[in-house]
Every structure is written in structure tokens, then in C-alpha cells.
There are 2 protein chains.
Amino acid sequence: MAQIYDRVALIGLGLIASSMYWAIKRGGLAKEVTGYARSQATRETARGIGLCDIVCDSAAEACDGADLVVLCVPVGAMASVAAEIAPVLKPGATVSDVGSVKKSVISAVAPHLPENVHFVPAHPLAGTEHSGPTSGFAELFDNRWCILVPEGADADATAKLRAFWEAMGANVETMDAEHHDLVLAVTSHTPHLIAYTMVGVADDLRRVTDSEVIKYSAAGFRDFTRIAASDPTMWRDVFLTNKDATLEILGRFTEELFALQRAIRTGDGEMLHDYFTHTREIRRGIIEAGQDTDAPDFGRSGTKAGE
Amino acid sequence: MAQIYDRVALIGLGLIASSMYWAIKRGGLAKEVTGYARSQATRETARGIGLCDIVCDSAAEACDGADLVVLCVPVGAMASVAAEIAPVLKPGATVSDVGSVKKSVISAVAPHLPENVHFVPAHPLAGTEHSGPTSGFAELFDNRWCILVPEGADADATAKLRAFWEAMGANVETMDAEHHDLVLAVTSHTPHLIAYTMVGVADDLRRVTDSEVIKYSAAGFRDFTRIAASDPTMWRDVFLTNKDATLEILGRFTEELFALQRAIRTGDGEMLHDYFTHTREIRRGIIEAGQDTDAPDFGRSGTKAGE
């Protein structure tokens, strides 16, 4: 694959940035990749495992001369990082990010940037429950979506960033920030909050039932715990910065949950059966859209398709 | 492995019964296995794929002369099946089941059974989102839990059933019915209801956002859709028959969700961060308990551990 940028700077070295580095190397997409993390321990780890060609001791140093700067820090840290790097940005450079919300990132970052750089926000819809510099791998973005929110950015800069994400394996779509935040509130943010809640409830009860909640978690609960194991700082920032859309979807969720709860209380089996039949069909849609495996139990070891 | 029962009857031929059949065959645990399903189409399918040594046209016929009868029908169908088979049960036979709730199964089944059979309720904590006679596989119970609820049943009959489940690959525990129903309300029933609800909410919104909810489901939502794709009849019966424990856990869930919702609304980042840090630790407990894989994203194809 052809080189797309001369020099790429990755600010923040967690799961997404480290996966980007390995995907860039896999495709030969940049001549040089610099990196920076706020924590010295993370920088040491990155140097130890050869993550980034140069790990710098400041964000400004890492961004100096970069053609593409990607902010891979929690959403709540975007504004201060943008302020710090703004003075050293190369004229004509592209600045992007990987934040899970877009409206608040745009309002945090855009005011700090000079006129002569291109700001093209992005959000790769990929992740695992692991975090930190050692959690990345080159295949993370393969066949996953990356949403660009160019909002009037330079067409050439946008096209180049699109090519970059496609070369890292992603399928790219563009969207406006408001719509992005609503869609993500449904597909990601609210499900995460609910999973966190359910795990919290179970933990309360664990004190009553000893370790049984963990012991018998395979019955459905363990899928929630995986979702609820994601990075706490990242998710705190997501909820604080996508507040309106999350609260809107949570409101709908509670309304719906109360309807089902009422059906249980009143013994309305027909309502429950209809509801569950309908949700089952939605699963089929996701399989058909190629966004998950049809292997039972996600193909965890020891299971296979019916004989 | 040694033969444990002469003749086993499986009543209902869905995911659990068909998996039991293949596990019995794998271990040579019975001389003969009979099967029955209410639907003629299911019986035809079972005959077509060689599921059970004999597929009978009535439950009574299948149970005639059986040393072990396992009721693998939805919880709501247990009482009528028990009434139907009671007259033909062999003296000294063991009757068991695989229902997801135990108190209501016991009160539905026990009154119908003659004095001279042993009733040992059971619940294997294993499943996939698939259902029906073709969905079973021999390894379903390997390293999963099976909970026996003997409640004063004959010790020899209980020991034999325990050996049978262990030979099918499961780890066996005993518990009283009330406690079982509470633990399962936390680890399974409430998580399922919540997943159903979230998928329902998303579907409402899908009409607004077209197919985007499905398209971008990998961001967390798809794990909910898998859970919400389980058999509608089975789950309707679970909620109707484990009503009290489910409503109790739902009450706690709603309380907790409102606390998190309030933290989002008021911008209490510290509360959110503490909560998410805590739930992350619970995940570690489950990995250490050997009840899930630590592979990122459940080891779905294309992902692997960090480089």
C-alpha cells in the first residue's frame, strides 16, 4: 500500500492509537510516526515495545512537523491538548481525533486551531474491553466503520484522511456531528451505561450471594461485564459530553422497560412474546449486515454450529 | 465413559435436549434415548438428522420404560406434560427438567408425579442464541454449570443425575429453589430483559435513522442483540414464572440507573468514574473464575491479543 502521510503524530497512546500505529506499519502508510502520552509510565512502555518510531516527551514535540495529528486522548482532555499543540502545527497539516462524541470535541478543539490547518474529526467504531499501549493490534479496524465529520473542512484533506482510514482497514462514512452523537447514543453510549448499571446491581447482590453472581455469569451477565470493563475515564467523558442524546435515549429506554415490567407484573404473556419475537428479527438484520458472526455464543471456544 | 442410565427420554427437542442427546452419545451414557416434540415438523427434523434413537409421537410413549425422563419444554408447558406422562412412569424412575426457573417448575410438576418416582429438578446454565432441534452440539455443557435442586429427593437418584451431568461435561452444584431463582434473576433473567428493552428502543429509532443502528451496531449494541435473539417462548415463560425475583432485581436496577442518570445530568464525573472503575474489577473476577475468555471482543475473528 502506498504511503499517505509523511509524518503522523499520535497524541495519547491507548488502545486506538496503538492499533493505529500497527495498522500504519502494516500498510506502510506513513514515513514516520511520532507518539506522546501524558503518563511517563505509558511512554516507557511504548518505547519498550517499539510503539511509534519516536516517543516524545511533550505533545508539542510530537506534533512538530507532522502532516497529520490525531488526538487519541479522552474527550475531556481534547481542549487542553489542542491548546498546547496549536502553536507548533505545520501550515496545511490535518488535525483529527478518534473521540466517541463529536459535537463537544469540535467545540473543544476547533477554537484553538490556527486558520491554516484542516480539522477533520473522526470516530472509528472499533474497540475491545482492553485499554492502554499494549492492547493495540493492527487488525482492530478491519471491516469496521470509521465515521468522518468533516463539517465543511477542505475536500482534499478529507479525502486524504478517508484514504488513510480505508488503508487501515476501515469502511468510511461521513455524517454531521449532531446525527453522529444521536446514532452513537443508541448503538453504544446507552448500552454501555446500562451494562455498567447491571454490573453494579449484581455487585451489590454479590455481597448477599457470595461469589455466585460471578460463578454463574455465563447465563447472560458476562456479556454485560465485558462491556462494563471498558476504560472508565473514556466513558466518564463520553457521558458528560454526549449528555443530551444519552439522556434522551435513556428516557426512551426507561419508558420501554416500565412497559415490559408492567407486562411481567400483570402476567401479559402475549405482549412479552410479541416483543421478544420482534427483537429477534433485529438480530438477523445485524448478521445480514455483516456486523457480527452467527456462530453461537460469538464462537467462544468449545462451541460450534449445530450438528 | 460408563453407561449411567438404561433408557433416557427427552421431552421437547430444542437446543438443550438436542445438545444432551449428542453429549449422551459422545459419552455412551445411555443404552437408548427416546425423544418427543409437540410439533410434528420438529419430530420430522429430528428423525432426519438422527436426533434420538427413537422419536416417538407422544410424550407418554417416549417415557414408557424410561429410567430418566428429562422435561426440556418451556416452563409454561411443564405442568401439562407432567400430567400427561405421570401414568406411564416406571416405578423408581427419575424425573428431571432443564427449566430456567425452579420454584414454579416444582409447583407445576411435583403434584402430578406418583410417589414411586424421584423428582430431581435441574438447570444447566448453558445456551446460545440459537434454538430448535438442529441447534444442539455435544460440547454445549462442557465446563458450564448445572444446578440441581433436589429439595429432599432420594440421595441415590440425585447422585446418579449428578454423575450424568458431570459425564455430559458440566460442573454440578446443588441449591434450593428460592435461592436459585434469585441468583438467576441477577445473572440471567434481568440482563435478558434489559437487552430486549434496549434492542426495542433502538428499533424505534431505526425508523428515524434508517439502517444506521444496525450498520453501526459493533459499538456495543450488537452484544445486546445477541442476548435478545433468544427463544421468545422460553423467555416469556421465564419472566412470568420468576416474576418476584425479576421485579425485585429490576427495581434495584432502575434505582441504580437513575443515580447514574442523575450524575450525567448534573455533570458528576467523579461518581461516574468511580462507578466504572468498580465494575471493571468485577470483570476481572469473572475472567479469574474461568467463566469467560480474556481475548478481546470475545475472540471474534480478526482480533487478537496485543502485539
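The shown structure was predicted, so the numbers you read here are calculated from the model rather than taken from an experiment.

Our focus in this paragraph is the overall build of chain A. Secondary structure summary: chain A contains 12 helices and nine strands in total. Taken over C-alpha atoms, the radius of gyration comes to 21 Å for chain A, in line with the 19 Å a tight globule of 307 residues would show. C-alpha atoms of chain A, sized along the principal axes, occupy 65 × 40 × 40 Å. The burial tally for chain A puts 57% of its 307 residues in the buried class. For chain A, contacts bridging at least 24 residues in sequence account for 74% of all contacts bridging at least 6.

Residue and element names in this part refer to chain B. On the basis of which strands lie adjacent, the open sheet formed by three strands has the order 7-8-9 and mixed pairing. In this open sheet, the two edge strands, each paired with only one partner strand, are strand 7 (122–124) and strand 9 (171–174). In this sheet, adjacent strand axes meet at a mean angle of 20 degrees when their direction is disregarded. For strand 7 and strand 8 (residues 145–148), the ladder comprises three bridges, and the chain directions are antiparallel. Among the inter-strand pairings, Pro-124 is bridged to a residue of strand 8, identified as Cys-146. Strand contacts of helix 6 (residues 155–167): strand 7, strand 8 and strand 9, with the helix running at about 170 degrees to strand 8, the strand carrying the most contacts.

Where interface size is quoted, it is often the accessible area lost as the parts come together. Along its sequence, chain A is organised into domain 1 (5–175) and domain 2 (179–267). Counting residues at the interface gives 14 residues for domain 1 of chain A, matched by 16 residues for domain 2 of chain A.

In this section: helix 2 (residues 40–49) of chain B. Residue and element names in this part refer to chain B. The set of residues buried in helix 2 consists of Thr-42, Arg-43 and Ala-46. The buried residues of helix 2 all sit within an arc of 100 degrees when viewed along its axis, so they share a single face. Residues of helix 2 that are exposed and point over 90 degrees away from its buried face: Gln-40, Ala-41 and Gly-48. Each element contacted by the buried residues of helix 2 is listed here: strand 2 (30–36) and strand 3 (54–55). Phi turns positive, to about 75 degrees, at Gly-50, one or two residues after helix 2.

Between helix 11 (residues 243–266) of chain A and helix 11 (residues 243–266) of chain B, the shortest axis-to-axis distance is 11 Å and the interhelical angle comes to 165 degrees. By the angle between their directions, the pair helix 11 of chain A and helix 11 of chain B is classed as roughly antiparallel. Helix 11 of chain A and helix 11 of chain B meet at a crossing whose hand is left-handed. The residues of helix 11 of chain B that touch helix 11 of chain A, namely those facing Lys-243, Thr-246, Leu-247, Leu-250, Gln-261, Ile-264 and Arg-265 of chain A, are Lys-243, Thr-246, Leu-247, Leu-250, Gln-261, Ile-264 and Arg-265 of chain B. A per-class count over the contact of helix 11 of chain A with helix 11 of chain B returns six nonpolar, four polar and four charged.

Of the transformation placing chain B onto chain A, the axial shift is 0.0 Å and the rotation is 180 degrees, giving an RMSD of 0.1 Å. Such a combination of rotation and displacement between the chain copies is what one expects of a two-fold axis. Most of the interface of chain B is mirrored in chain A: 100% of its interface residues are interface residues there too.

It is worth spelling out the interface of chain B and chain A at this point. Facing the 100 residues of chain B at the interface are 101 residues of chain A. At the level of secondary structure, the elements contributing two or more residues to the side of chain B that touches chain A comprise helix 7 (177–209), helix 8 (212–215), helix 9 (221–227), helix 10 (232–241), helix 11 and helix 12 (269–288) of chain B. Sort the elements by how many residues they give to the side of chain B that touches chain A and helix 7 of chain B lands first, with 21 residues. Of the residues contributing to the side of chain B that touches chain A, the split by class is 45 nonpolar, 32 polar and 23 charged.

This part is about the nonpolar core. Leu-10, Ile-11 and Val-69 of chain A together with Leu-10, Ile-11 and Val-69 of chain B are the most contacted members of the largest nonpolar core, which has 213 residues in total. In contact with Val-69 of chain A, other than residues within four places in its own chain, are Ala-9, Ile-11, Cys-63, Ile-85, Leu-89, Ala-93 and Val-95 of chain A.

Glancing now at the sheet that holds strand 9 (residues 171–174) of chain A. Residues and elements named next belong to chain A. Reading across the sheet, the three strands line up as 7-8-9 and stay open at both edges, with mixed pairing between neighbours. Two strands lie at the open edges of the sheet, namely strand 7 (122–124) and strand 9, each paired on one side alone. Pairwise comparison of adjacent strand axes, ignoring direction, gives a mean angle of 20 degrees for this sheet. Contacting strand 7, strand 8 (145–148) and strand 9, helix 6 (residues 155–167) runs over the sheet at an angle of about 170 degrees to strand 8.

Here we come to the packing of helix 12 (residues 269–288) of chain A against helix 10 of chain B. How two helices sit against one another is set out by the angle between their axes and by the gap between those axes. One can describe the packing of helix 12 of chain A onto helix 10 of chain B by two numbers: an axis separation of 9 Å at closest approach and a directional angle of 140 degrees. Considering their axes alone, helix 12 of chain A and helix 10 of chain B lie oblique with respect to each other. Two packed elements cross with a definite hand, and for helix 12 of chain A against helix 10 of chain B that hand is right-handed. In contact with Gly-269, Leu-272, His-273, Phe-276, Thr-277 and Arg-280 of chain A of helix 12 of chain A, helix 10 of chain B contributes Pro-232, Thr-233, Trp-235, Arg-236, Phe-239 and Leu-240 of chain B.

Once that is clear, we can look at the environment of Ala-159 of chain A. Of note, Ala-159 of chain A is situated in helix 6. Residues Ala-159 of chain A and Leu-250 of chain A lie 91 residues apart in sequence; the distance between their C-alpha atoms is 36 Å.

Attention shifts here to the pairing of strand 9 of chain A. Residues and elements named next belong to chain A. Two elements, strand 8 and strand 9, share four bridges in a ladder whose sense is parallel. Across the sheet, Trp-145 pairs through a bridge with Asn-171, a residue of strand 9. Handedness of the crossover joining strand 8 and strand 9 through helix 6 is recorded here as right-handed.

Once that is clear, we can look at the environment of Ile-147 of chain B. Residue and element names in this part refer to chain B. As for its position among the elements, Ile-147 is in strand 8. Between the alpha carbons of Ile-147 and Glu-288 there is a distance of 21 Å; along the sequence they are 141 residues apart. Apart from the residues lying within four places of it in its own chain, the contact partners of Ile-147 are Ala-122, His-123, Leu-125, Glu-173, Met-175 and His-180.

All names here are of chain B. Neither face of strand 5 (residues 94–97) is exposed, since Thr-94 and Ser-96 on one face and Val-95 and Asp-97 on the opposite face are all buried. Once you follow strand 4 (residues 68–71) into helix 4 (residues 78–85) and on to strand 5, the crossover reads as right-handed. Relative to strand 6 (residues 118–119), strand 5 runs parallel, the two sharing two bridges. Each bridged residue has a counterpart across the sheet, and for Thr-94 the counterpart in strand 6 is His-118.

Moving on, we come to the environment of Ala-289 of chain A. Examined against the element boundaries, Ala-289 of chain A turns out to sit in the segment after helix 12. Considering only alpha carbons, one finds Ala-289 of chain A and Thr-254 of chain A, 35 residues apart in sequence, at a separation of 28 Å. Apart from the residues lying within four places of it in its own chain, the contact partners of Ala-289 of chain A are Ile-214 and Lys-215 of chain B.

Analysis parameters
- All residue numbers refer to position in the chain's written sequence, counted from 1.
- Chain labels run from A onward and ligand labels from 1 onward, assigned in the order the entries are written.
- Note on the predicted model: pLDDT of at least 70 is required for a residue's local features to be given, and 80 or more for side-chain atom pairs to be given and counted; whole-chain, interface and lining totals, by contrast, use all residues.
- Helix and strand labels come from DSSP, where a helix needs a run of H or I of at least four residues and a strand needs a run of E of at least two; each type is numbered from the N terminus.
- Our radius of gyration looks at C-alpha atoms and nothing else; its globule reference is 2.2 Å times the residue count to the power 0.38.
- Here the C-beta atoms are placed from the backbone, and a residue counts as buried if at least 20 other C-beta atoms lie within 10 Å of its own, exposed if 12 or fewer do, and partly exposed otherwise.
- Two residues qualify as a contact pair if the distance between their C-beta atoms, derived from the backbone, is within 7 Å.
- Only strands joined by at least two bridges in the DSSP assignment are considered to pair.
- For helices, the axis comes from a line fit to the C-alpha atoms of the stretch in contact; other axes are also lines fit to C-alpha atoms, and the angle between any two N-to-C directions lies between 0 and 180 degrees.
- Domain delimitation follows an automatic or database domain assignment.
- Relevant arc is that of directions from the helix axis to the C-beta atoms, nothing else.
- When describing relative orientation, an angle under 35 degrees is termed roughly parallel and one over 145 degrees roughly antiparallel, while 65 to 115 degrees is termed roughly perpendicular and anything else oblique.
- Handedness of a helix crossing follows the sense of rotation of the near helix relative to the far helix, less than a right angle counterclockwise being left-handed and clockwise being right-handed.
- Note on residue categories: nonpolar means Ala, Val, Leu, Ile, Met, Phe, Trp, Tyr, Cys or Pro, charged means Asp, Glu, Lys or Arg, and polar means any other residue, Gly included.
- Least squares is the method used to superpose the copies, on C-alpha atoms of residues holding a pLDDT of at least 70 in both.
- Linking buried Ala, Val, Leu, Ile, Met, Phe, Trp, Tyr and Cys residues through C-beta atoms within 7 Å yields a set, and such a set is a nonpolar core.
- Viewed with both strands pointing away, a crossover whose connecting path from the first strand over the helix to the second turns clockwise is right-handed.

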